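Residue strings, one per chain:
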Protein chains: 2
Amino acid sequence: MKRNTWQREAVREALGSNEGFVSAQGLHSTLRDGGSPIGLATVYRALADLAIEGEADSLQSDQGESLYRACTPGQHHHHLICRSCGLTVEIEADAVEAWAHEVASANGFTEASHVVDVFGLCAACGALAATAR
Amino acid sequence: MKRNTWQREAVREALGSNEGFVSAQGLHSTLRDGGSPIGLATVYRALADLAIEGEADSLQSDQGESLYRACTPGQHHHHLICRSCGLTVEIEADAVEAWAHEVASANGFTEASHVVDVFGLCAACGALAATAR
DNA sequence: GGCGATACTGATAACGACAATCAACCTCTG
DNA sequence: CAGAGGTTGATTGTCGTTATCAGTATCGCC
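In what follows, the accompanying structure is described.

What about the overall build of chain A?
Secondary structure assignment for chain A yields five helices and six strands. Sequence-ordered secondary structure for chain A, helices as α and strands as β, is α-β-α-α-β-β-β-β-α-β-α. Seen through its C-alpha atoms, chain A measures out along the principal axes to roughly 55 × 50 × 25 Å. Classification of the 133 residues of chain A by burial places 40% in the buried group. Pairs at least 24 residues apart make up 46% of the contacts formed inside chain A by residues separated by at least 6 positions. In the form shown here, chain A has an accessible surface area of approximately 7,400 Å², with 52% of it arising from carbon and sulfur atoms.

Take a look at the structure:
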């Protein structure tokens, strides 16, 4: 049986009110700062559950940290992520989907999945970097 | 100054004689089993160096482990990786390169880089899975 | 509303991958 | 061949994540 607890709800809400990807530990301190006496282990569990249920996307930062973000459920999509501020735009890539399957089967591969994410500097951060230079 | 040591060479060779991606720790035990008294820290350093110099590609496994593989230097490419046996095929994707930059600039992003990897079952592993089923 | 079963929570310990340390060592140059 | 300094490696430290387990909260049922 699956139960609804305020902790799980708090994690879902904290995720939804965030623009970009967040680390589990970051989300935990955010919640703590917001007054919730939620435990770190619970945040990890809730995030893992949300990711499995398709309510959150996860990716690994270049330091190997797991980052999470709320996403529109039941829809396959990729991300355009600002390297500086973490701002994330969901992008669709039907052409890339097709290409991936094509390349896979051309090499005899089946059951193809893929990892496609684009990193860059968003307009704001790009301007900031230009002035700082 | 950069020096040539048999340790660094051993790591390079062990990488080259491998079909798929290997973990640092896995490579270390392989070398140890082969008789080299090489240290774990050295393997990590050598792999990091090779990755920076472009002689090796690295990616993160879904458990957050860093995996390495020898690659043709000075050439941007992506990978088609067998989920079961680790067999890896280097693939080129000019279309995807173009698409990535296009999507990025369409959203005001600059300095776009991207992560594109395709996972699947290679012909051999696919056949194996079919007979086992 | 009360009750019992049981899924959930959370402080902490354990774990695994990786980075830092530092004395001993080896490689290159002159 | 000798000196300088980059390199090594056993060990320790760090950090993110997971397992543990007793206590707690939630839900179905009466």
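Structure shown, so let's carry the discussion forward.
Looking at the relation of the copies chain A and chain B
By a simple turn and slide, chain A fits onto chain B: the slide is 0.0 Å along the axis, the RMSD is 0.2 Å, and the turn is 180°. In symmetry terms, the pair is related by a two-fold rotation axis. Identified as the residue of chain A closest to the rotation axis by C-alpha distance is Val116 of chain A, at 2.3 Å. Comparing contact sets, 100% of the residues at the interface of chain A also lie at the interface in chain B, consistent with an isologous, same-surface contact.

Some points on the protein's contact with DNA strand D
Taken together, 21 residues surround DNA strand D, and among them Tyr44 and Ser66 of chain A together with Arg3, Thr5 and Arg45 of chain B come closest. Sugar and phosphate atoms represent 63% of those atoms of DNA strand D found within 4 Å of the protein. Thr5 of chain B places a side-chain nitrogen or oxygen 2.7 Å from a phosphate oxygen of DNA strand D. Looking at the surface near DNA strand D, the elements with two or more residues in it are helix 3 (40–53) of chain A together with helix 1 (6–16) and helix 3 (40–53) of chain B.

Points about the pairing of strand 2 (residues 56–60) of chain B
Residue and element names in this part refer to chain B. Note that strand 2 and strand 3 (residues 66–70) share five bridges and pair antiparallel. Bridging across to strand 3, Ser58 finds its partner in Tyr68. The antiparallel hairpin formed by strand 2 and strand 3 contains five residues in its connecting segment, where Gly64 sits at a positive phi of about 85°.

Here we look at the sheet that holds strand 4 (residues 78–82) of chain B
Taken together, the six strands give an open sheet; going across it, the order is 5(A)-4(A)-6(A)-6(B)-4(B)-5(B), and neighbouring strands pair in mixed fashion. A strand with exactly one partner marks an edge of an open sheet, and here the two such strands are strand 5 (88–91) of chain A together with strand 5 (88–91) of chain B. Ignoring strand direction, the axes of neighbouring strands in this sheet form an average angle of 20°. Relative to strand 6 (residues 110–121) of chain B, strand 6 (residues 110–121) of chain A is paired through nine bridges, and the arrangement is antiparallel. Each residue of the ladder has a partner; that of Ser113 of chain A, found in strand 6 of chain B, is Phe119 of chain B.

Describing the nonpolar core
Grouped together as the largest cluster of nonpolar side chains are 32 residues, with contacts concentrated most on Leu80, Trp99 and Val118 of chain A together with Leu80, Trp99 and Val118 of chain B. Here Leu80 of chain A is in contact with Leu87, Thr88, Val89, Ile91 and Val118 of chain A together with Val103, Ala104, Asn107 and Phe109 of chain B, once residues within four sequence places are set aside.

Each value, and the rule that gives it
- Residues numbered from 1 in each chain as written.
- Chains lettered and ligands numbered in written order.
- Predicted model: local features only at pLDDT ≥ 70, side-chain atom pairs only at ≥ 80, totals over all residues.
- Heavy atoms only, no water.
- Helix = DSSP H or I, 4+ residues; strand = E, 2+ residues; numbered from the N terminus.
- Buried < 20%, exposed > 50% of the residue type's maximum accessible area, 1.4 Å probe, protein only.
- Contact = heavy atoms within 4.5 Å.
- Areas by Shrake-Rupley, 256 points an atom, 1.4 Å probe, with all protein chains shown as cover.
- Least-squares fit on C-alpha atoms with pLDDT ≥ 70 in both.
- Near = heavy atom within 4 Å.
- Polar contact = N/O pair within 3.5 Å; in protein donor to acceptor, adjacent residues only side chain to side chain.
- Pairing = 2+ DSSP bridges.
- Axes fitted to C-alpha atoms, helices over the stretch in contact; angles between N-to-C directions.
- Core = buried A, V, L, I, M, F, W, Y, C linked by side-chain atoms within 4.5 Å.

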